[in-house]
Amino acid sequence: RLWHHVFGRGLVPTTDNFGRLADPPAHPELLDHLARTFLQNGWSTKQLLRELLLSEAFRQSSTPNPQAKEKDPQNAFLHHYPLRRLDAESVRDAILAVSGRLDATLYGPSIQPHRAEPVAYRRLFQGPLDGHGRRSVYLKITRMQGPQFLEAFDFPPPLQSRGNRDVTNVPSQALALLNDPFVLQQSQFWAAQLEEHVPPAARLRHLFRKALGRPPTPQEIDLYKALPDGPRIAHTLFNAKEFLYIP
């Protein structure tokens, strides 16, 4: 399952079934090696994740080799890094991190998620729109209703146990990024931070580097000059596929 969370596909593809009816592991020797390493390191999940994230496989490009793709169309042997969308919690946390609102404090009580219509008799209480900047792991999850923004990005129902999540690409996700008050709020917050701390001539480059990890191209500079204000530009970057996907 750790391999699944890092690479998008487990060494055994069926993360909820390792029995006789499951698919065989794509790399049985690697699975044995990782199991031994996990045991020798005192069952430390962090140590095992560190080994995966420092591996050559994790540092691969996401551009496939045509010959390798023909031989291994499912990429079971990881001849390239699979393109992956951020999961629901990471989408929310990335927006908070880029806007500068993320509170990285560890531990503490959970936060009620923001709800369009709180229902007190079902104990669905109203929380702050930005969750006080707390990471998504600190949002309170109730069996009646999960956080609505996260649900748009395939957050699993609270009553179900899932080894892997569905990954969909549906219009409601684009609409959430365009219209959700949380995204609009963080666009405004990010733009206000820029106006206070970054000179006007450097703002567009700062926006691109913070959101996408690269400078804008000359064509993008010309295009974004037509947009009237900082919040609009920040909002468009939150909606970029490059922001939502891990290349």
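Note that the structure is a prediction, hence the values are computed from the model and not measured.

Description of the packing of helix α5 (residues 88-99) against helix α8 (residues 181-197)
Put simply, α5 and α8 touch, their axes get as near as 8 Å, and they point 20° apart. In terms of orientation, α5 lies roughly parallel with respect to α8. For the pair α5 and α8, the sense of crossing is left-handed. Taking contact as the criterion, the partners of R92, I95, L96, V98 and S99 in α5 are, on α8, F182, V183, Q186, F189, W190 and Q193. Broken down by class, the residue content of the contact of α5 with α8 amounts to seven nonpolar, three polar and one charged.

Comments concerning the packing of helix α2 (residues 28-40) against helix α3 (residues 45-53)
Contact pair α2 / α3: the axes reach a minimum separation of 9 Å and the direction vectors enclose 140°. Between α2 and α3, the angle falls in the class oblique. Between α2 and α3 lies a crossing whose hand is right-handed. Judged by residue contacts, H33, L34, T37 and F38 of α2 engage T45, L48, E51 and L52 from α3. Among the residues forming the contact of α2 with α3, the class breakdown is four nonpolar, three polar and one charged.

Considering the confidence of the model for the protein
With 100% of its residues at a pLDDT of at least 70, the protein reaches an overall mean of 89. Of all secondary-structure elements in the protein, the lowest mean pLDDT belongs to strand β2 (residues 245-246), at 86, while α5 reaches the highest, 96.

Points about the nonpolar core
Formed by 35 residues in total, the largest nonpolar core has its most connected members in I95, F149, F153, W190, L237 and F243. Of all the secondary-structure elements, those providing two or more residues to this core are α5, α6 (148-151), α7 (171-179), α8, α9 (203-212), α10 (218-224), α11 (230-238) and α12 (241-244). Among residues more than four places away in sequence, those in contact with F149 are V91, R92, I95, L177, D180, F182 and V183. Within the second largest apolar cluster, nine residues are counted, among which are W3, V6, L34 and L48.

Considerations on the pattern of salt bridges
Tallied over the full model, the rule gives seven salt bridges. Among the salt bridges present, the one from D16 reaches R1, with a minimum N-O distance of 2.9 Å. In this pair, D16 sits in the loop between α1 (2-7) and α2 while R1 sits in the segment before α1, placing the two residues 15 residues apart along the sequence. Judged by its relative accessible area of 47%, D16 is partly exposed. Where R92 meets D93, a salt bridge forms, and the shortest distance between an N and an O atom there is 3.6 Å. For R92, a relative accessible area of 4% puts it in the buried group. On the accessibility criterion, D93 (17% relative accessible area) is buried.

Digging into the side chain of Q173
Along the chain, Q173 falls in helix α7. Residue classification places Q173 among the buried residues on the basis of a relative accessible area of 5%. Separated by 3.3 Å, the side chain of Q173 and the backbone oxygen of A152 make a polar contact. A polar contact is formed between the side chain of Q173 and the side chain of T168, at a distance of 3.0 Å. If we ignore the near neighbours within four places in the chain, the residues touching Q173 are R85, A152, F153, D154 and T168.

Criteria and thresholds
Residues numbered from 1 in each chain as written. Predicted model: local features only at pLDDT ≥ 70, side-chain atom pairs only at ≥ 80, totals over all residues. Heavy atoms only, no water. Axes fitted to C-alpha atoms, helices over the stretch in contact; angles between N-to-C directions. Helix = DSSP H or I, 4+ residues; strand = E, 2+ residues; numbered from the N terminus. Parallel < 35°, antiparallel > 145°, perpendicular 65-115°, else oblique. Left-handed = near helix turned anticlockwise from the far one by under 90°. Contact = heavy atoms within 4.5 Å. Nonpolar A, V, L, I, M, F, W, Y, C, P; charged D, E, K, R; others polar. pLDDT = per-residue confidence, 0-100. Core = buried A, V, L, I, M, F, W, Y, C linked by side-chain atoms within 4.5 Å. Buried < 20%, exposed > 50% of the residue type's maximum accessible area, 1.4 Å probe, protein only. Salt bridge = Lys/Arg side-chain N within 4 Å of Asp/Glu carboxyl O. Polar contact = N/O pair within 3.5 Å; in protein donor to acceptor, adjacent residues only side chain to side chain.

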